[in-house]
Each structure stands twice: as C-alpha cells, then as structure tokens.
Amino acid sequence: LRPTRAEIRLSAVRKNLQKLKSTAAPARLLFVVKANAYGHGALALTRLAEREKLAWGFGVSSVEEGLALRAGGIKSPVLVLGSLYPFESFVEALSADLMVTIASLDAARQVIEAANKLGKKAVCHIKLETGMGRIGARKPSVLKIYEELSSSGAVSVAGLYTHLSSADTDPDYTGTQLSIFSETAGELEARGASGLTFHAANSAATVNFPVSRMDLVRCG
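These numbers were taken from a predicted model, which means no experiment stands behind them.

### A few points about unusual backbone geometry
Next, step 1: Here the bond from Ala 25 into Pro 26 is cis, since omega is 10°, no more than 30 degrees from zero.
Next, step 2: Tracing the chain through its elements places Pro 26 in the loop between helix 1 (10-24) and strand 1 (28-32).
Next, step 3: At Ala 35, a position not held by glycine, the phi torsion is positive, near 55°.
Next, step 4: Considering the arrangement of structural elements, one finds Ala 35 in helix 2 (residues 34-39).
Next, step 5: Residue Asp 97 is not a glycine yet carries a positive backbone phi of 55°.
Next, step 6: Relative to the assigned elements, Asp 97 resides in the loop between helix 5 (89-95) and strand 4 (99-102).

### Overview of helix 4 (residues 63-71)
Next, step 1: Every buried residue belonging to helix 4 is among Val 63, Gly 66, Leu 69 and Arg 70, and all of these are buried. Projected down its long axis, helix 4 shows its buried positions confined to an angular sector of 120°, all on one face. Facing away from the buried side of helix 4, by more than 90 degrees, are the exposed residues Glu 64 and Ala 71.
Next, step 2: Elements in contact with the buried residues of helix 4: helix 3 (42-51), strand 2 (57-60), strand 3 (78-80) and helix 5.
Next, step 3: Positive phi appears at Gly 73, one or two residues downstream of helix 4, with a value of about 95°.

### As for the packing of helix 7 (residues 139-150) against helix 8 (residues 171-190)
Next, step 1: With their axes 10 Å apart at the nearest point, helix 7 and helix 8 run at an angle of 30° to one another. In terms of orientation, helix 7 lies roughly parallel with respect to helix 8. Like other packed secondary-structure pairs, helix 7 and helix 8 cross with a definite hand, here right-handed. Along its contact with helix 7, which presents Lys 139, Val 142, Leu 143 and Tyr 146, the element helix 8 presents Glu 183, Thr 184, Glu 187 and Leu 188.
Next, step 2: Considered class by class, the residues forming the contact of helix 7 with helix 8 number 4 nonpolar, 1 polar and 3 charged.

### Description of the side chain of Thr 130
Next, step 1: Along the chain, the position of Thr 130 falls in the loop between strand 5 (122-127) and helix 7.
Next, step 2: A distance of 2.8 Å separates a polar atom in the side chain of Thr 130 from a polar atom in the side chain of Thr 162.
Next, step 3: Within polar-contact distance, the side chain of Thr 130 engages the side chain of Gln 177 at 2.8 Å.
Next, step 4: With residues up to four places along the chain from it excluded, the contact list for Thr 130 reads Thr 162, His 163, Tyr 173, Gln 177, Ile 180 and Phe 181.

### What to know about the pattern of salt bridges
Next, step 1: By the definition in use, this model includes 8 salt bridges.
Next, step 2: Taking the shortest distance from any N to any O, the salt bridge between Glu 148 and Arg 109 comes out at 3.4 Å. Here Glu 148 is found in helix 7, whereas its partner Arg 109 is found in helix 6 (residues 105-118), with 39 residues between them in sequence.
Next, step 3: A relative accessible area of 27% means that Glu 148 is categorised as partly exposed.
Next, step 4: For Arg 109, a relative accessible area of 43% gives the class partly exposed.

### With respect to the sheet that holds strand 4
Next, step 1: Pairing in this closed barrel of 8 strands is parallel, and the strands run 1-2-3-4-5-6-7-8 around the ring. In this sheet, adjacent strand axes meet at a mean angle of 30° when their direction is disregarded.
Next, step 2: With 3 bridges joining them, strand 1 and strand 2 adopt parallel strand pairing. Of the residues in strand 2, the one forming a bridge with Phe 31 is Phe 58.

### Looking at the pairing of strand 5
Next, step 1: Burial within strand 5 is extensive, with 5 of its 6 residues counted as buried.
Next, step 2: Bridge analysis of strand 4 against strand 5 gives 3 bridges, and the strand direction is parallel. In the strand pairing of strand 5, Ile 102 is matched with Ile 126.
Next, step 3: The parallel pair strand 5 and strand 6 (residues 155-161) is bridged by helix 7, and the resulting crossover is right-handed.

Calculation criteria
- The residue numbering used here restarts from 1 in each chain and proceeds along that chain's sequence as written.
- Given that the model is predicted, a residue must reach a pLDDT of at least 70 before its local features are reported, and side-chain atom pairs must reach 80 or more before they are shown or counted; all residues, however, enter totals for whole chains, interfaces and linings.
- The side-chain numbers reported here are obtained from all heavy atoms of the structure, hydrogens and water having been left aside.
- For helices the rule is a DSSP run of H or I covering at least 4 residues; for strands it is a run of E covering at least 2, with both sets numbered from the N terminus onward.
- The buried label goes to any residue with under 20% of its type's maximum accessible area, the exposed label to any with over 50%, and the partly exposed label to all in between, with areas taken from a 1.4 Å probe on protein chains only.
- Comment: arc refers to directions from the helix axis out to C-beta atoms.
- Every residue pair with non-hydrogen atoms within 4.5 Å of one another is taken to be in contact.
- Only the contacting stretch of a helix is used when fitting its axis, a line to C-alpha atoms as for every element, and angles between N-to-C directions run 0 to 180 degrees.
- When describing relative orientation, an angle under 35 degrees is termed roughly parallel and one over 145 degrees roughly antiparallel, while 65 to 115 degrees is termed roughly perpendicular and anything else oblique.
- By definition, any crossing whose near helix is turned counterclockwise from its far helix by less than a right angle is left-handed, and any crossing with a clockwise turn is right-handed.
- Polar here means any residue other than Ala, Val, Leu, Ile, Met, Phe, Trp, Tyr, Cys and Pro, which are nonpolar, and Asp, Glu, Lys and Arg, which are charged; Gly is therefore polar.
- Think of a polar contact as two N or O atoms within 3.5 Å of one another; within protein, one of them needs to be a possible hydrogen donor and the other a possible acceptor, and neighboring residues in sequence only count if both atoms come from side chains.
- Salt bridges are defined as contacts in which a side-chain nitrogen from Lys or Arg sits within 4 Å of a carboxyl oxygen from Asp or Glu.
- Paired strands, in this sense, are two strands between which DSSP finds at least two bridges.
- For a crossover, the right-handed case is the one in which the path from the first strand over the helix to the second runs clockwise, viewed with the strands pointing away from the viewer.

See below:
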C-alpha cells in the first residue's frame, strides 16, 4: 500500500568505500552494516566489499546479524558492536568466529566462561564510554576488565574503542572524548597491553578528524 522504492547501486557503494578507504589509510576500514546495512542490503554489500577487498571487516549490532553474514558466506572479521544479552549468546558468537564487545566485568566473566566451555579462545574489543551515553565502561572499569580478560588465558583482547557522539556537530566535545580515549589507551599500555587495535572514528570523524582515525575507522 506504500509505493516506496529504494534502488542501491553497487557501483556507487564501491566508489564510496574506495574513497573512505583511501581517506582513512593507513587505518583499516570496518564497514558497519548493522540493521541490514541501514536498509541497503547487508549481504549484497558485504559480499561486494569482501570480494573486492574494500574493507578489512564488518561491524554489526547483534550476534544474529553476525550469524546471518556467516550463513551468507562472509569470512572476513566481524565485530559485534552491541551488548550481548542473554550472556548465553557468547557461545553462539564464539562458535561463529565473531569478535565481541565487552563493556562490563559481568560480560568479561561470561565470555571467559563461554571460551572455556568451547575450548576456544575468544577475541574481543573493550568499549570505553567517553560521552556517547550508549554502552561502554568508564576508564576505571576498563582497566579492571582488561586485567580480568588478559589474565584468564581464554580471551584475546584485540582492541579498545569508543563512540564519538557529535563528530559532525561539536568539535570541542569530540576533542574531549578523544582525550579521554587517549589517556585510557596510555594507561592500558603502561599496564603491559600491546598490539591493541584502537578505534573511535565513525563516518563523520573519519572525514573531519584525521587524529581520530587511529588503527581502524568504522564507517556506515
């Protein structure tokens, strides 16, 4: 009853990805395709990006979205950006080689338990809350989470990230968020963390804040 139609041109998506990839370099590109790639068709877009090596990996909001990509043949790294609940879903995520976000001590303990249950090392990224007000742990909790995970032997902490709330409208606030992030990253490294992938930039930050690009950018 609603004659609405959207046509997605893969040639246009390709050009956008090529532009973002070159803008962000040497940082890698995590192509965020949550909510069916914001309605653009996640499977078609991830297949294009993987086939033509236009992105290092993909970001999704839930385990279910990650499983759908795996079922569609996607082999690239997939990071679940949302909180995992119920915690039993960690088993499903790890079984499908999805990287998971950890933002609380409870979640850290649950992913350790899931990894031990499967006999398989989990790969996770810790999310730092710097002012977005969505999910994430404050700096003191991030340090405790890192210690819990890294001492377990069951989990590889692959990255630390945050979400910039106003990169398209408020450069001062964005700078404050990046300062908090940098300080926390430095404290982790002082505690022996090495080889972590640091990331903060969404699409707007990738274009407008070169300092935010770090090791990885997350463009939707």
